[in-house]
Amino acid sequence: MTAATTTAPDTLVSRLRQWRFWVYAALAVVLGALVVQAAHKLMTELSYTQIVDAVRDTSAGPLALALLATAISYLALTFYDRTALAYAGGQLAYRVVAKTAFIAYALSNTVGLGVLTGGAVRMRLYGAAGLEAGLISRAIVFNAFGFGIGIVVVGAAALVWGAGTVQVVFGTPPGLLRAVSVVVLIAAGAFIGYCRRGGVQTVFRGMSLRLPSASLAAQQLLISAIDVAAAAAVLWVLLPPDAIGFPAFVGFFALAMALGVISHVPGGLGVFEAVMLLALGERVPAEQLAAALVLYRVIYHLLPLMLAVAMLAGAEWRRSATTPVVKAAASLSPLLLSAYTWVVGVVLLVSGVTPASEDATELLAQHMPLPVMEAAHFVGSIIGLALLFVARGMFLRLDASWWAGLGLALISLFLCLPKGIAVSEAVLLLVLAGSLAVSRKQFNRRAALFSQAFTWGWLAAVGAVVAAITALLFFVYRDVDYVNQVWWQFEFDGYAPRSLRALVAVCLITLVVALSRLWRRPQAVLVKPDSGALDQAARIVRTQPSAGAGLVMMGDKSLLVSDSQRAFIMFGRRGRSWVALYDPVGPVNEWTELVWRFVEQARESGGRAAFYQVRPEGLPVYLDAGLRVHKLGECALVDLPSFSLQGKQRANLRHGVARAQREGLSFEVLATEAVAAAYDQLRAISDAWLADHQTAEKGFSLGAFRRDYVLRQPVAVVRQGERMVAFATLLRTDQSVEASVDLMRQLPDAPRSAMDFLFAQVILHFKAEGLQRFNLGMVPLSGMAQHPLAPNWHRLGRLLFNHGENFYNFQGLRGFKEKFDPVWEPRYLASPGGFAPFFILADVAALIAGGLRRVIAK
């Protein structure tokens, strides 16, 4: 029975992952077929020259209207966040919400994975504004649901008017399309009416949901309508007049947008275009539709990203007198610059396989030596590829990536003239170079650009870009006969051989980088610290405030020490899980580099990095490293200056202490040097406690009774007469900020009041010594959000906390600590997303217990 029970969750998780794989595989096949079909249509019906001519023939009027529609769409997007925060219970100034929303959407619209990239931006900026992580998570979830429902409703409304046009494309009877659309609209209206009931309502098989107010739900739908309509208008005004009615076009646009989001392709690139080409190919000339799609990408995606990068550069420029929100915005520069550098790299690669205009070629032939033009074109393509790799270094905040990015941008800027008088490229590169110049402080990790291995995902993305560039080259020069002589043609108008030579170099360099990743040696086997390393760690622990860092002296955890030897991470490894205990130990300015190194070391070894029981103030560091945060519970912190046994709130504790004194209990703190003399008595109490509880020593986040560990710290003891009946080992540092206890054990026949008495006297002892707080430790799953829109993680945690007494006495532990009237501070797990947190917590339990078998057997 036990074996079956323990394997059931793993079986369920395995089935879910397998199901998800096949769904994504089927979706990839369908979307891939759409893209291939659209690409075939594009390549057979028009030429590159026709697309370029159509772009150049676009008048200023449609471009101005497209810019106006883009501004309206992004303005509406800011109100998405405002309503989401209102629903989640958060209030912030609109300027903070607007800035955060704009940066988040500018990034997610270009990179894709909006919940992850945009979510990270919101976590940083809203967190800096004072909102709690759980509230921000609820707002992100509400935002995602609101967008999904909104785009369905807007698409349905569009089909009511444009069903006849859509029927021509898909062959579906217009009456059926209108009927389905009307049903969707009626359901939306009914939902708004249902929201008038307010409060928490049961919506499906016991699933509860706190409904938004009717006005808030109506606002969300209205915002969705404005956003989708405005975004659709950006593309619609770029099409020929009277090509298609706006309502029908919105229907097609909503479908293309939804499929682009589902595909998880960055920005829906290729998928969105495929749907629009297939839907509108019979109504709009192919070259004009292709030109409109190119301009749409530039106006709606590239320009907002450039503006967001410029905004963050401005925040960095005026950082001397800033609020926490502005500082947090400046710290997002590497994330935005990484995405923007990637885009610039792609633009340079595209430029490398496309010809310059005839006017530019003629002008260069008159004033520029041919070898200079050839070299500029070749080097520009190599720089484009290099920027794709530099972009990852920027994401990792490497100082070498800053130098490389700035140098490559300036070199490429200089090459814009001889390669083809590329003014648009020069503008992009100027924004990149300027933003990098003012963001130097954010790239604070001293490491070589290639010191960190490129992930297979990043290499796959680079490979996809190179493949797309190769296809573009053959499309642009499909009328050229590829013979051996083409390679050696050097002429001002010889763009085909010039592009082919550059592309071959790009492909070879990509292959070399991929092979170097394949041949990279695995990391060395981790070893536990020796006595010298523990002595060094002890010196670091004494210079910082966190008392729990003293657990490093157990010696059961590996150490990752900073280059300055002033900070370290203590961690355990089990299976693929690399689990750091607590935040990094040492100065805060050392944390970022240590966290990044730890995440990268785990990743390079095929593992998953996690940080267990981290504090709220460290969350931005983990978010920047690409991890997600999950609440574990709450830690009880007693404010020592205000602590006393007097008052109504501590009446139970006061009575317990008085009863202990009547029973003859006394308290004493043994200094570190006096512990050895009492060691045998302490050992006897520990052995009796273990036997009475039928358990074994723990590890990792808990201390074990080992001589070398116990003798390193002072011990508080309780005696009944001359007999020692209970003890607790004490953790503190030289900073005199925080103290805590580790091992807490008593004899089976000790008075019931012994532990209350011990804790109360320990707290009073540290108060007398002038410390600021006493750490009672974490209560797992305590303080989980009760909001109906809370993430599933919180729902599961709340369920276990309320009904999991067969597994762990969660409520009893919180009740004991409540006697001391503590301040409750959240603790988090920082880890990858998906199912990773569940596997990591299983490995944490095994690390603490000494193996999964001991987890089950106690």
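Caption draft 1: Fine view of the overall build of the protein. A tally of helices and strands in the protein yields 30 helices and 13 strands. Relative to its 858 residues, the protein shows a buried fraction of 51%. Considering only residue pairs separated by 6 or more positions, the protein has 75% of its internal contacts joining residues 24 or more positions apart. Surface summary for the protein: the accessible area is close to 38,600 Å², and the carbon and sulfur share equals 63%.

Caption draft 2: Highlighting the pairing of strand β9 (residues 715–720). When you tally the buried positions in β9, you get 5 out of 6 residues, the bulk of the element. As defined by bridge partners, strand β8 (residues 665–670) adjoins β9 across 6 bridges and the pair is classed as antiparallel. Residue Val 669 lies in a different strand from β9, and its bridge partner there is Ala 716. For β9 and strand β10 (residues 723–732), the ladder comprises 6 bridges, and the chain directions are antiparallel. The partner of Val 715 across the bridge, within β10, is Thr 729.

Caption draft 3: Inspection of helix α3 (residues 60–88) at higher detail. Between its terminal C-alpha atoms α3 stretches 43 Å, which fits the 42 Å expected from 29 residues at 1.5 Å a residue. Where α3 ends, the next residue or the one after it, Gly 89, has phi of about 95°, a positive value.

Caption draft 4: Main features of the packing of aromatic side chains. For the structure on display, the rule yields 22 aromatic pairs. Aromatic pair Phe 253 and Tyr 296: ring centres 6.1 Å apart, planes at 90°, arrangement edge-to-face. Of this pair, Phe 253 sits in helix α9 (residues 246–263) while Tyr 296 sits in helix α11 (residues 286–317); the two residues are 43 residues apart in sequence, bridging distant segments of the chain. Given a relative accessible area of 0%, Phe 253 falls into the buried group. Relative accessible area serves as the criterion here: at 4%, Tyr 296 is assigned to the buried category. With 6.4 Å between their ring centres and 40° between their planes, Tyr 612 and Phe 700 make a pair best called tilted. One end of the pair, Tyr 612, is in strand β6 (residues 608–614); the other, Phe 700, is in the loop between α24 (679–693) and α25 (707–710), and 88 residues separate them in sequence. Grouping residues by exposure puts Tyr 612 and Phe 700 together as buried. Of the aromatic side chains, those joined through ring pairs into one cluster are Tyr 74, Phe 102, Phe 249, Phe 253, Phe 272, Tyr 296 and Tyr 300. Across from the ring centre of Trp 402, 4.9 Å away, lies the NZ or CZ of Arg 440, which sits over that ring. Lying over the aromatic face of Tyr 679, Arg 707 brings its terminal NZ or CZ to 4.6 Å of the ring centre.

Caption draft 5: Representation of the nonpolar core. Residues Phe 249, Phe 253, Met 276, Leu 280 and Tyr 340 are the most contacted members of the largest nonpolar core, which totals 90 residues. Counting residues per element, this core draws most heavily on α11, which supplies 13 residues. Not counting chain neighbours up to four residues away, the residues in contact with Phe 249 comprise Ala 232, Leu 235, Trp 236, Leu 239, Ile 244, Met 276 and Leu 280. By size, the runner-up hydrophobic cluster in this structure holds 47 residues, among which are Val 638, Leu 645, Ile 685 and Trp 824.

Caption draft 6: Spatial organisation of the packing of helix α13 (residues 333–352) against helix α17 (residues 423–438). At a closest axis distance of 11 Å, the pairing of α13 and α17 adopts a crossing angle of 150°. In terms of their interaxial angle, α13 and α17 are classed as roughly antiparallel. When the axes of α13 and α17 are compared, the crossing they make is left-handed. On α17, the residues touching Leu 337, Tyr 340, Thr 341, Val 344, Val 347, Leu 348 and Ser 351 of α13 are Glu 425, Leu 428, Leu 429, Val 431, Leu 432, Ser 435 and Leu 436. Per-class residue counts for the contact of α13 with α17 are 10 nonpolar, 3 polar and 1 charged.

Caption draft 7: Looking closely at the environment of Val 741. Among the secondary structure elements, Val 741 is positioned in strand β11 (residues 738–746). In the structure, Val 741 is positioned 21 residues away from Val 762 in sequence and 8.8 Å away in space, judged by C-alpha atoms. Beyond its immediate chain neighbours, meaning those up to four positions away, Val 741 contacts Ala 728, Thr 729, Leu 730, Phe 759, Val 762, Phe 774 and Asn 775.

Caption draft 8: Spatial organisation of unusual backbone geometry. Notably, Phe 700 is not glycine yet its phi reads approximately 60°, a positive angle. Residue classification places Phe 700 among the buried residues on the basis of a relative accessible area of 2%. For Ser 736, which is not a glycine, the phi torsion comes out positive at approximately 55°. Tracing the sequence through the fold places Ser 736 in the loop between β10 and β11.

Caption draft 9: Expanded view of the sheet that holds strand β13 (residues 823–831). Pairing in this open sheet of 11 strands is mixed, and the strands run β3-β4-β5-β6-β13-β7-β12-β11-β10-β9-β8 from one edge to the other. Among the strands making up the open sheet, the edge pair consists of β3 (558–561) and β8. Across this sheet, the average inter-strand angle for adjacent strands is 30°, counted without regard to direction. Here 5 bridges tie strand β5 (residues 577–581) to β6, and the two strands are oriented parallel to one another. The residue of β6 that forms the bridge with Ser 577 is Arg 608.

Caption draft 10: Fine view of the pairing of strand β7 (residues 628–639). Within β7, 10 of the 12 residues are buried, which leaves it mostly tucked inside the rest of the structure. Where β7 and β13 come together, 9 bridges link them in antiparallel fashion. Paired with Val 629 across the two strands is Ala 830, which belongs to β13. Taken together, the 7 bridges between β7 and strand β12 (residues 773–780) define a ladder with antiparallel strand orientation. In the strand pairing of β12, Val 638 is matched with Phe 774.

Caption draft 11: Structural context of the environment of Pro 418. Within the element layout of this structure, Pro 418 appears in helix α16 (residues 399–420). Sequence spacing of Pro 418 and Ala 375 is 43 residues, and the spatial spacing of their C-alpha atoms is 8.9 Å. Apart from residues no more than four positions distant in its own chain, Pro 418 is found in contact with Leu 364, Met 368, Val 372, Met 373 and Ala 376.

Caption draft 12: Just a negative patch on the surface, in detail. Together, Asp 53, Asp 57, Glu 358, Asp 359 and Glu 362 give the surface a local cluster of negative charge. Sorting the residues of the negative patch by element identifies α2 (48–57) and α14 (358–367) as the ones contributing at least two each. Looking at the negative patch, the element that brings in the most residues is α14, giving 3 residues. Among the secondary structure elements, Asp 359 is positioned in helix α14.

Caption draft 13: Quick peek at the environment of Asp 583. Positionally, Asp 583 belongs in the loop between β5 and α21 (591–604). The exposure class assigned to Asp 583 is buried, which follows from its relative accessible area of 10%. For the pair Asp 583 and Val 595, spaced 12 residues apart in sequence, the C-alpha to C-alpha distance is 8.9 Å. In this structure the side chain of Asp 583 is engaged in a polar contact, spanning 3.1 Å, whose partner is the backbone nitrogen of Arg 615. At 2.4 Å, the side chain of Asp 583 and the side chain of Tyr 622 are in polar contact.

Caption draft 14: Local environment of a nonpolar patch on the surface. Nonpolar side chains collect at one region of the surface, where Leu 65, Leu 68, Ile 72, Leu 222 and Ile 226 lie side by side and expose about 450 Å² of accessible area between them. Broken down by secondary-structure element, the contributors of at least two residues to the nonpolar patch are α3 and α8 (214–236). Element by element, the count of residues in the nonpolar patch is highest for α3, at 3 residues. Mapped onto the fold, Leu 65 is located in helix α3. Note on Leu 65: relative accessible area 47%, which makes it partly exposed.

Cut-off values and rules
Every chain is numbered on its own, with residues counted from 1 as its sequence reads. Confidence filtering applies because this is a predicted model: local features only for residues at pLDDT of at least 70, side-chain atom pairs given and counted only at 80 or more, and all residues used for totals across whole chains, interfaces and linings. Based on all heavy atoms of the structure, the side-chain values leave hydrogens and waters out of the count. Counting from the N terminus, the helices are the DSSP runs of H or I reaching at least four residues and the strands are the DSSP runs of E reaching at least two. A 1.4 Å probe rolled over the protein chains alone gives each residue an accessible area, and that area as a share of the maximum for its type sets the label: buried under 20%, exposed over 50%, partly exposed in between. Pairs of residues are marked as contacts when any of their non-hydrogen atoms sit within 4.5 Å. Computed with a 1.4 Å probe, the accessible areas rest on the Shrake-Rupley method; for each residue, only the protein chains presented here act as cover. In short, DSSP must find at least two bridges between two strands for them to pair. To estimate how far a helix should extend, the number of its residues minus one is multiplied by 1.5 Å. Stacked, tilted and edge-to-face are the three classes applied to pairs of Phe, Tyr and Trp rings, where Trp contributes its six-membered ring and a pair requires centres within 6.5 Å; stacked means planes under 30 degrees apart, edge-to-face means over 60, and tilted covers the rest. The criterion for a charge sitting over a ring is simple: Lys NZ or Arg CZ within 6 Å of the ring centre, and within 35 degrees of the ring normal. We call a set of buried Ala, Val, Leu, Ile, Met, Phe, Trp, Tyr and Cys residues a nonpolar core when their side-chain atoms join them within 4.5 Å. Axis angles are defined between N-to-C directions and span 0 to 180 degrees, where every axis is a line fitted to C-alpha atoms and, for a helix, only to the segment in contact. Here is the rule for angles: anything less than 35 degrees is roughly parallel, anything more than 145 is roughly antiparallel, 65 through 115 is roughly perpendicular, and the remaining ranges are oblique. A crossing counts as left-handed when the near helix is turned anticlockwise from the far one by less than a right angle, and as right-handed when that turn is clockwise. For this classification, the nonpolar set comprises Ala, Val, Leu, Ile, Met, Phe, Trp, Tyr, Cys and Pro, the charged set comprises Asp, Glu, Lys and Arg, and every other residue, Gly included, is treated as polar. Two joining distances apply to patches: 9 Å for like charges and 5 Å for nonpolar side chains (Val, Leu, Ile, Met, Phe, Trp, Tyr), and every residue must have over 30% relative accessible area and no salt bridge. One speaks of a salt bridge when a side-chain nitrogen belonging to Lys or Arg is within 4 Å of a carboxyl oxygen belonging to Asp or Glu. For the charge count, each Lys or Arg is scored as positive and each Asp or Glu as negative, with His and the chain ends excluded. By convention, the point assigned to a charge is CZ for Arg, NZ for Lys, CD for Glu and CG for Asp. The definition of a polar contact used here is a pair of N or O atoms within 3.5 Å, where within protein one atom must be able to donate a hydrogen and the other to accept one, and adjacent residues in sequence count solely through side-chain atom pairs.

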